[in-house]
Amino acid sequence: MSKMNKDNKLYEIAYLISPALSEEEAGSLHQQIKGSLQEMDGLIENDGAVSKRRLFYPIKKVRDAYLAYFDFTLSGDKITEFKNSVEERRQNAVDKIKERVDQFVQNVANRYEAAISRLEKLADRIDSRIAKMEADKIDVTKAKELMVKAKAKIEIAKTSINGITTTISTNATTTAL
């Protein structure tokens, strides 16, 4: 243990890092937090580690997290500044996770939009075949009934995807502000 300045107090910090971050990103966040402490003339007494752990109880339905910790000394008048720095880094990590989730949802929405487009083209082809069969005096009433149901479901899917896309763009705009 290093010599402590008479104004410095010994603290311990332990925190959980979301498993949505990679192991490298979790380690980098841990290093950044220690770096900001050292910039404030804090001394790291016990350099802890970052390890992935299974949580005894889920937190917001998440069962795993990275556990990070270390002991340090810091002047009492700088502890608030350090807390603010940690909170800022936490918020940056949350923003990064939200960005990833939004990008994932946007990719899923794009895939669904492409699938809906393919279904609409398929419905048009089926409609043209039904018309040809009808011209040949074949009974197509059941096929027409099924096509009405199919087109209604395609419209429901389009509405749902539009709602998701609107939510994503609203979130992106709100986050950017």
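Above: the structure in question.
Residues numbered from 1 in each chain as written. Predicted model: local features only at pLDDT ≥ 70, side-chain atom pairs only at ≥ 80, totals over all residues. Heavy atoms only, no water.

## Side note on unusual backbone geometry
In step 1: Phi is positive for Asp-41, close to 65 degrees, though the residue is something other than glycine.
In step 2: Here Asp-41 shows up in the loop between helix 1 (23–39) and strand 2 (43–46).
In step 3: A positive phi angle is found at Lys-60, which is not glycine, with a value near 50 degrees.
In step 4: Along the polypeptide, Lys-60 turns up in the loop between strand 3 (50–59) and strand 4 (62–75).
In step 5: Residue class for Lys-60 comes out exposed when judged on its relative accessible area of 79%. (Helix = DSSP H or I, 4+ residues; strand = E, 2+ residues; numbered from the N terminus. Buried < 20%, exposed > 50% of the residue type's maximum accessible area, 1.4 Å probe, protein only.)

## Quick word on the pairing of strand 3
Moving residue by residue along a regular strand, the side chains alternate between the two faces of the sheet.
In step 1: Relative to strand 4, strand 3 runs antiparallel, the two sharing 6 bridges. Its bridge partner being in strand 4, Arg-53 is matched across the sheet by Ala-65.
In step 2: Once strand 3 ends, the chain turns through 2 residues before running back antiparallel as strand 4, passing Lys-60 with a positive phi of about 50 degrees. (Pairing = 2+ DSSP bridges.)

## Remarks on the pattern of salt bridges
A side chain with one charge can pair with a side chain of the opposite charge if their charged atoms come near.
In step 1: Following the criterion strictly, the structure yields 9 salt bridges and no others.
In step 2: Of the charged contacts, one joins Arg-100 and Glu-25 as a salt bridge, the two residues approaching to 2.3 Å between their closest N and O atoms. Here Arg-100 is found in helix 2 (residues 79–135), whereas its partner Glu-25 is found in helix 1, with 75 residues between them in sequence.
In step 3: In this structure Arg-100 comes out as partly exposed when scored by relative accessible area, which is 36%.
In step 4: For Lys-158, the salt bridge goes to Glu-120, with nearest N and O atoms at 2.8 Å. (Salt bridge = Lys/Arg side-chain N within 4 Å of Asp/Glu carboxyl O.)

Purely spatial values, then, with no claim about function.
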